[in-house]
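Listed below, chain by chain, are the residues.
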Amino acid sequence: MGGRNLITRAARWSAVHPWWAMTLWVVFVLGALVVGGMTGTRSATVSDLAIGQSGRAAEIAKDGGLENRAVENILVTPYEGRLDQDRARAAADDAADALRGAKGVTAIGKPVPAPDGSALLVPVTLGGDPETASERVQPLLDKVEKVGEKHTEVRVELVGAGSIKAGLDDMLSEDLGRATGLSLPVTLIVMVFVFGAIVAASVPVILGISSVLAGLGLWGVASQFVADPGPVTHIIVLMGMAIGVDYSLFYLKRQREERALGADNIDAIEIASATSGHSVMVSGLVVMVSMGALYLAGHIAFESMATGAVLVVAIAMLASLTVLPAMLSKFGRYLDRPRVPLVWRLTQRTGTKPRLWSAMLKPSLRHPVISLVLSVGALLALAVPAMDLKLKATGVDDLPHSIPAMQANERLTESFPSQADTHTVAVRVPADQAGCPTR
């Protein structure tokens, strides 16, 4: 095949040297995971997410060591009816004793009864960086839970910013595991119906999983420069699986079509790389440029999501152009094994046109201008609700109320309602003027 470009040359090299290509890919994925595990994922802080004057004030206060301490609260409330003050005080004292001297606890305040007598609160001050309190609060939650098991007549909880964030992190981890566990079998089933064979169906799934793993590992490194506000790992998993499967899907389909037309395995892979491989590269670049537009928003939340998306799309594109040809070469005729009897016969119907797609395409081909106007009009109509979109910073009240810590926070705010808003006024001056009076 003449006129080979970089894509076809890379595909042919991988197809001729499949073990080298697959080994290098495995080393790349494992290396990304190791490096990501060593660096960890840096979470965005409140000052990272803040914008405008509030963001600058938070940064000034943090640089000057003027941040507030992390505070959790032992909250004692009744399950129903009025709160028995004697039992509440006994439970609060036991919880305070359990936390007194615990690692990370610097001070425990005196019990504060609610104005209406519906709750009893004991403030607990934690040491260390308030931004990382969620990573250190779990042992304290466990201690308070054990105290609550002894005082079954009242509800004993630990609630604060750290425990709320810890609950949110647990929920996100569970959701991520659930989404991953659900998407894999569903994707595999869909691929089986597309190809009619188990091995061929598994190849796109394997490419998608490996792309996600490499993306998660490298995101740990990237987060050291663009901190993670929370949803980036979900974006990497969902986009990595979707893009990885999609790109390898039509590459594999084209290779099988060329095999069916009589081309040998290597030539079929090279033809597929020159056609579908070129489409993969163009599509990947377009997706990365599109996601890169989020950088224009000028906020770390959008910048981090753009970085994660661009990273995993680039990895999935690289996998489709390099290791996929090696897998197709190595599996060879075993791609069509084992066959799913009925599904296999349906997928091999090459002599008939798909009626559904033909019916959908005919109006567009006969009247392209009208189809263009109607489709653009439909997209604009769908975008109309966005005109009333109201943007605001996410606060505690916006978090899911299914989180136990958020339910405890509702009881806290109901018994101890805030009476006023507080604002921080931060002033930065040169060190030699620190003692000068202000006006």
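Bear in mind that the values here come from a model prediction, so they are computed numbers and not experimental data.

Rules used in this analysis
Residues numbered from 1 in each chain as written. Predicted model: local features only at pLDDT ≥ 70, side-chain atom pairs only at ≥ 80, totals over all residues. Heavy atoms only, no water. Helix = DSSP H or I, 4+ residues; strand = E, 2+ residues; numbered from the N terminus. Buried < 20%, exposed > 50% of the residue type's maximum accessible area, 1.4 Å probe, protein only. Contact = heavy atoms within 4.5 Å. Areas by Shrake-Rupley, 256 points an atom, 1.4 Å probe, with all protein chains shown as cover. Phe/Tyr/Trp six-rings, centres within 6.5 Å; stacked < 30°, edge-to-face > 60°. Core = buried A, V, L, I, M, F, W, Y, C linked by side-chain atoms within 4.5 Å. Patch = residues over 30% accessible without salt bridge, like charges linked within 9 Å, V, L, I, M, F, W, Y side chains within 5 Å. Salt bridge = Lys/Arg side-chain N within 4 Å of Asp/Glu carboxyl O. Lys, Arg positive; Asp, Glu negative; His and termini not counted. Charge placed at Lys NZ, Arg CZ, Asp CG, Glu CD. Axes fitted to C-alpha atoms, helices over the stretch in contact; angles between N-to-C directions. Parallel < 35°, antiparallel > 145°, perpendicular 65-115°, else oblique. Expected span 1.5 Å × (residues − 1). Arc of directions from axis to C-beta. pLDDT = per-residue confidence, 0-100.

1. Thoughts on the overall build of the protein
Okay, step 1: Counting its secondary structure elements, the protein contains 16 helices and 5 strands.
Okay, step 2: By the burial criterion, 37% of the 439 residues in the protein qualify as buried.
Okay, step 3: A separation of at least 24 residues holds for 77% of the contacts in the protein among residues at least 6 apart in sequence.
Okay, step 4: In the form shown here, the protein has an accessible surface area of approximately 25700 Å², with 63% of it arising from carbon and sulfur atoms.

2. Section: the packing of aromatic side chains
Okay, step 1: Taken as a whole and judged by the stated rule, the model has 1 aromatic pair.
Okay, step 2: With 5.3 Å between their ring centres and 40 degrees between their planes, Trp25 and Phe28 make a pair best called tilted. With Trp25 and Phe28 both in helix α2 (residues 18-39), this residue pair falls 3 residues apart, about one helical turn.

3. Considering the nonpolar core
Okay, step 1: Counting 35 residues, the largest nonpolar core has Met191, Leu207, Tyr251, Val323 and Leu328 as its most contacted members.
Okay, step 2: Counting only elements with at least two residues in this core, the list comes to α1 (6-16), α2, α7 (161-195), α8 (198-222), α9 (232-260), α10 (265-292), α11 (300-321) and α12 (323-331).
Okay, step 3: With 7 residues, the top contributor of residues to this core is α8.
Okay, step 4: Non-local contacts of Leu207, meaning those with residues more than four positions away in its chain, are made with Ser248, Ala319, Ser320, Val323, Leu324 and Met327.
Okay, step 5: With 25 residues, the next largest nonpolar core counts Val76, Ala92, Leu99 and Val154 among its residues.

4. Some remarks on a negative patch on the surface
Okay, step 1: Judged by side-chain charge, Asp116, Asp397, Glu410 and Glu414 come together as a negatively charged surface patch.
Okay, step 2: On the secondary structure map, Asp397 appears in the loop between α15 (368-383) and α16 (404-415).
Okay, step 3: Note on Asp397: relative accessible area 67%, which makes it exposed.

5. Considerations on the side chain of Thr8
Okay, step 1: Tracing the backbone shows Thr8 in helix α1.
Okay, step 2: Since its relative accessible area comes to 3%, Thr8 is described here as buried.
Okay, step 3: With residues near it in sequence (within four places) discarded, Thr8 still touches Glu270, Ser273 and Ala274.

6. Here's the deal with a nonpolar patch on the surface
Okay, step 1: Residues Val26, Leu30, Leu33, Ile209 and Leu213 make up a contiguous nonpolar surface patch of roughly 380 Å² in combined accessible area.
Okay, step 2: Considering each element in turn, the nonpolar patch owes the most residues, 3 residues, to α2.
Okay, step 3: In this structure, Ile209 sits in helix α8.

7. Focus: the packing of α10 against α11
Okay, step 1: The contact between α10 and α11 brings their axes to 9 Å, and the two run at 175 degrees. Relative to α11, α10 is oriented roughly antiparallel. Where α10 approaches α11, its residues Gly277, Val280, Met281, Gly284, Leu285, Val287, Met288, Met291 and Gly292 are matched on the opposing element by Ala306, Ala309, Val310, Val313, Ala314, Met317, Ser320 and Leu321.

8. Overview of α2
Okay, step 1: With 22 residues, α2 extends 32 Å from end C-alpha to end C-alpha; this agrees with the ideal 32 Å at 1.5 Å per step.
Okay, step 2: Looking at α2, one finds that the buried residues are Pro18, Ala21, Met22, Trp25, Val29, Ala32 and Gly36. Burial along α2 is one-sided: seen end-on, the buried residues are contained in an arc of 100 degrees. Seen from the buried face of α2, the exposed residues on the opposite side, beyond 90 degrees, are Trp19, Trp20, Val27, Leu30, Gly37 and Met38.
Okay, step 3: Considering only its buried residues, α2 is in contact with α1, α8, α11 and α12.
Okay, step 4: One or two positions beyond α2, positive phi appears at Gly40, with a value near 75 degrees.

9. Some remarks on the confidence of the model for the protein
Okay, step 1: Looking at the protein as a whole, its pLDDT mean stands at 84, while 86% of the residues score no less than 70.
Okay, step 2: Least confident of the elements in the protein is helix α3 (residues 46-49), whose mean pLDDT is 66; most confident is α2, at 94.

10. Quick word on the pattern of salt bridges
Okay, step 1: The final tally for this structure, using the stated rule, is 7 salt bridges.
Okay, step 2: The salt bridge involving Arg100 is made with Asp97; its shortest N-O contact spans 2.6 Å.
Okay, step 3: Residue Asp97 is classed as partly exposed on the basis of its relative accessible area, which comes to 47%.
Okay, step 4: Note that Lys165 is salt-bridged to Asp169, the shortest N-O span being 3.3 Å. Residue Lys165 and its partner Asp169 are located together in helix α7, separated by 4 residues, close to a single helical turn.

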